[in-house]
Amino acid sequence: MAGKRPAPLLQDSQLSLFDADAELVGADAAAPRRELLLGHHRIAYELKRARRRSIGFVVGPQGLRVSAPRWVPLSEIERALHHKGEWILRKLVEQRERQRRVQAARIEWRDGAVLPYLGQSMSLVLAAAETAPRWLDETRQLLLPLPADASTQQIRDLAQAWLQARAREDFLPRCRHFAAQLGVSMRSLRLSSAQTRWGSASADGSIRLNWRLIHFAPAIIDYVVAHELSHLREMNHSPAFWETVRSVLPDFERARDALREESIVVQ
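Give a detailed account of the overall build of the chain, specifying residues and quantitative values.
If you tally the helices and strands in the chain, you get 6 helices and 12 strands. For the chain, restricting intrachain contacts to residue pairs at least 6 apart in sequence, the fraction spanning at least 24 positions comes to 52%. A total of about 14600 Å² of accessible surface is found on the chain, and carbon and sulfur atoms cover 49% of it.

Requested: an account of helix α1 (residues 74-83), with residues and values cited.
All of the buried residues along α1 are Glu76, Ile77, Ala80 and Leu81. Burial along α1 is one-sided: seen end-on, the buried residues are contained in an arc of 145 degrees. Turned more than 90 degrees away from the buried face of α1 sit Ser75 and Arg79, all of them exposed.

Describe helix α4 (residues 218-230), and please don't skip the residues or the numbers.
The end-to-end C-alpha separation of α4 is 18 Å, in line with the 18 Å expected for 13 residues at 1.5 Å each. Where burial is concerned, most of α4 is hidden: 11 out of the 13 residues are buried. Buried within α4 we find Ile220, Ile221, Asp222, Tyr223, Val224, Val225, Ala226, His227, Glu228, Leu229 and Ser230. Looking at the buried residues of α4, the elements they touch are α3 (152-182), β11 (199-201), β12 (206-210), α5 (239-248) and α6 (252-260).

Residue-level account of the sheet that holds strand β6 (residues 114-117), with values.
One open sheet accounts for 4 strands, arranged β6-β7-β9-β8; its pairing is mixed. One side of each edge strand has no neighbouring strand; the edge strands of this open sheet are β6 and β8 (134-136). Sheet twist, expressed as the average angle between the axes of neighbouring strands with direction ignored, equals 35 degrees. Where strand β7 (residues 120-126) meets strand β9 (residues 141-144), 4 bridges bridge the pair, whose relative direction is parallel. What sits directly across from Leu124, in β9, is Leu142.

So what's going on with unusual backbone geometry? Which residues, and what values?
The phi angle at Leu118 is positive, at roughly 55 degrees, despite the residue not being glycine. Note that Leu118 resides in the loop between β6 and β7. Overall, the relative accessible area of 22% leaves Leu118 in the partly exposed class. Positive phi, normally seen in glycine, also occurs at Arg140, with a value near 55 degrees. Here Arg140 shows up in the loop between β8 and β9.

Tell me about the packing of α4 against α6, and please be specific about residues and values.
Across the interface, α4 lies against α6 with an axial gap of 9 Å and an inter-helix angle of 105 degrees. By the angle between their axes, α4 is roughly perpendicular relative to α6. Contact with α4, carried on its side by Ala219, Ile220, Tyr223 and Val224, involves Phe252, Ala255, Arg256, Ala258 and Leu259 of α6 and no other residues of that element. In the contact of α4 with α6, the residues fall into 8 nonpolar, no polar and 1 charged.

Any chance you could break down the environment of Arg208 for me, citing the residues and the numbers?
Note that Arg208 resides in strand β12. Given a relative accessible area of 37%, Arg208 falls into the partly exposed group. With 15 residues separating them along the chain, Arg208 and Ser193 place their C-alpha atoms 9.7 Å apart. If sequence neighbours within four positions are ignored, Arg208 has contacts with Arg190, Leu191, Trp198, Gly199 and Ser200.

Kindly report on the pattern of salt bridges, identifying the contributing residues and their values.
For the structure shown, the criterion picks out 13 salt bridges. Arg42 is the salt-bridge partner of Glu35, the closest N and O atoms lying 3.8 Å from each other. Overall, the relative accessible area of 55% leaves Arg42 in the exposed class. Between Arg134 and Glu130 there is a salt bridge, with its nearest N and O atoms 2.9 Å apart. Among the charged side chains, a network of salt bridges with common partners joins Asp170, Arg174 and Asp222.

Rules used throughout
Residues numbered from 1 in each chain as written. Predicted model: local features only at pLDDT ≥ 70, side-chain atom pairs only at ≥ 80, totals over all residues. Heavy atoms only, no water. Helix = DSSP H or I, 4+ residues; strand = E, 2+ residues; numbered from the N terminus. Contact = heavy atoms within 4.5 Å. Areas by Shrake-Rupley, 256 points an atom, 1.4 Å probe, with all protein chains shown as cover. Buried < 20%, exposed > 50% of the residue type's maximum accessible area, 1.4 Å probe, protein only. Arc of directions from axis to C-beta. Expected span 1.5 Å × (residues − 1). Pairing = 2+ DSSP bridges. Axes fitted to C-alpha atoms, helices over the stretch in contact; angles between N-to-C directions. Parallel < 35°, antiparallel > 145°, perpendicular 65-115°, else oblique. Nonpolar A, V, L, I, M, F, W, Y, C, P; charged D, E, K, R; others polar. Salt bridge = Lys/Arg side-chain N within 4 Å of Asp/Glu carboxyl O.

Below, the structure written as structure tokens:
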């Protein structure tokens, strides 16, 4: 019928492994907040009207945000929310759990602080007599050449510099190993400090890896390295891409799932 607008298509927000653990979207101060009863749960959400053709949902640290075309009535938006109610509730629970993990991952930079290193715990020890950071493998202690009254920033900066140096030493052989297995040429490796990306690859052969991967188990690091190098053959996430990853890591799903449960260590 002439003049009749098509019914909007519902679009789910997708969890993105390398662009974030979830789509993390801050609150929009201009968007009105509304409430809706989904099952037995009263859910608050932000509604934003936009120039778009569909109703979209995003679950982030601030809760649920809904974007809808200006011409769609509120009743239809609420119908869409009820239709996706199970998905919305599940994502809200996942987001709350992620925030809990982020809080648990915070490091208190002090003498005796414990943090993860290659999937195991390590502790920081202030040792003024040392002339450079020294790793004790037997006790899994990192001795920092700092006095007992060193500031939080001094401890953090020195520990992070050591971790970043170890990250490059650890990642480079892994990259060379998987590049040879995949038959690709890695032009350069750079370390990233991104808060929402574990790695990236460019068509020119440049690879970026988040140095904070050094906190995680070797199997997880291998997965991210293989993932990014596989992009040098398939610059997408098509079935062919995942088969490329599988060719060097047959059980990559296990490491991928483990990574999804991790939080970037808050530093």
